[in-house]
Amino acid sequence: MFFIRILIVAFFFISTENMVFGQKPAPSEKREASSIETSKKTAVSKNIKQEQLLNKKLISLSLILVVLLFFLIYYAYQNNRLKQKIKRKDTKQKILLNVINAGIDSQETEQKKIASFLHDNINSLLSSAGLHLNVFTTKNNIQSEEIQKAKTILAEAHDLLRDISHDLVPTLLVRFGLIYALEDLCERNSNSSIQFKFSSSVSTDTRYSEKFETKLYFIVSELLSNIIKHSEAQKAQISLHENNNHLIIIIHDNGKGFDAEKLNEIEGFGLNRIRVRIKKLKGNFSIISRANENTGTSIKIKVPIL
């Protein structure tokens, strides 16, 4: 019985001790622990959100950089294509200019050859034939209508060939220079329908290189021809002067004019061809004109003196 009581007391003592050492935390401690854990969870959540936001920013920035890089590559590609296109266009224009200039040079060379051949050979033969015929008829005192007609035909052929030779390469241009040749050109083209006036501040004794004078003469000649054919003008003025080692030629008429901005549509005037010829001389060519107005047309040619 005593033994049982001791066991009960011991059991009670152990139970009490267990309750003391293994007791549950107080409610305040529980709340504090919960608060700390919540704070930790909140901090972790914030860190995760910040990391996610940072990742989003990095991804967005990467995408922007990729797009910018794409546009830069595309721009560089298009720019390179444009440069190549311009280069090809310039090359084509240079080839075309070279072809046109070669044709013009060849034409001028052939004109000189033909003019020289007509003047030095054919005209000389005709003159010689006429001279021999005159000597024969004088010595033999022959009065024949047929011989007189033959003399007239020879004289007409001589004059015709002389005019052709002069049109190809004017003798006046070769012997006396551009100033005299242009003045003569104005006189020969003047008639009852149109009057060409010529003025020059350049001395008549001035001479330029043969090529330079020849090219400018034919340019002006073609422009005068355009005035006669297309302008319906009654008056035209050609003036020359020098300025800063440049020769300036101004041609003005009082005709009906044309649309100077549409040179490609008026190719029949030969203005683009003239522009190419002046460009070869490293000069400038400008036109002021309006279609169907009475203000006429003004053309200015400025070329460095060679």
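The following refers to the structure shown.

### Let's talk about the overall build of the chain
Link 1 in the chain: Tallying secondary structure elements over the chain gives seven helices and five strands in all.
Link 2 in the chain: Going from the N terminus to the C terminus, the chain shows its helices and strands as α-α-α-α-α-β-α-β-β-α-β-β.
Link 3 in the chain: Put simply, the chain has 306 residues, and 27% of those count as buried.
Link 4 in the chain: As displayed, the chain offers around 21900 Å² of accessible surface, 59% of which is attributable to carbon and sulfur atoms.

### Structural notes on unusual backbone geometry
Link 1 in the chain: The phi dihedral of asparagine 245 falls on the positive side, at around 60 degrees, and the residue is not glycine.
Link 2 in the chain: Relative to the assigned elements, asparagine 245 resides in the loop between β2 (235-243) and β3 (246-253).
Link 3 in the chain: With a phi angle near 60 degrees, lysine 282 is a residue other than glycine that sits in the positive phi range.
Link 4 in the chain: Mapping lysine 282 onto the fold places it in the loop between α7 (271-280) and β4 (284-289).

### Some points on α7
Link 1 in the chain: Looking only at α7, the buried set comprises Leu271, Ile274, Val276, Arg277 and Ile278.
Link 2 in the chain: Phi turns positive, to about 60 degrees, at lysine 282, one or two residues after α7.

### Here we look at the packing of aromatic side chains
Link 1 in the chain: Applying the stated criterion across every chain, the model contains five aromatic pairs.
Link 2 in the chain: Note on phenylalanine 176 and tyrosine 180: the rings are 5.9 Å apart at their centroids and 65 degrees apart in plane angle, and the pair reads as edge-to-face.
Link 3 in the chain: Judged by relative accessible area, phenylalanine 176 falls into the partly exposed class, the value being 44%.
Link 4 in the chain: Look at tyrosine 180 and you get partly exposed, because its relative accessible area is 33%.

### Considering the pattern of salt bridges
Link 1 in the chain: Taken as a whole and judged by the stated rule, the model has four salt bridges.
Link 2 in the chain: Among the salt bridges present, the one from aspartate 184 reaches arginine 188, with a minimum N-O distance of 3.0 Å. One end of the pair, aspartate 184, and the other, arginine 188, are both in helix α5 (residues 178-189), four residues apart, so they sit about a helical turn from each other.
Link 3 in the chain: Assessed through its relative accessible area of 39%, arginine 188 is described here as partly exposed.
Link 4 in the chain: The residue arginine 207 makes a salt bridge to glutamate 213 at a minimum N-O spacing of 3.0 Å.
Link 5 in the chain: Using a relative accessible area of 38% as the deciding quantity, one classes arginine 207 as partly exposed.

### Some words on helix α6 (residues 210-231)
Link 1 in the chain: Between its first and last C-alpha, α6 extends 31 Å over 22 residues, near the 32 Å set by a 1.5 Å rise per residue.
Link 2 in the chain: Count one or two residues on from α6 and you reach glutamate 232, which has phi positive near 60 degrees.

Reading guide: rules and limits
Residues numbered from 1 in each chain as written. Predicted model: local features only at pLDDT ≥ 70, side-chain atom pairs only at ≥ 80, totals over all residues. Heavy atoms only, no water. Helix = DSSP H or I, 4+ residues; strand = E, 2+ residues; numbered from the N terminus. Buried < 20%, exposed > 50% of the residue type's maximum accessible area, 1.4 Å probe, protein only. Areas by Shrake-Rupley, 256 points an atom, 1.4 Å probe, with all protein chains shown as cover. Phe/Tyr/Trp six-rings, centres within 6.5 Å; stacked < 30°, edge-to-face > 60°. Salt bridge = Lys/Arg side-chain N within 4 Å of Asp/Glu carboxyl O. Expected span 1.5 Å × (residues − 1).

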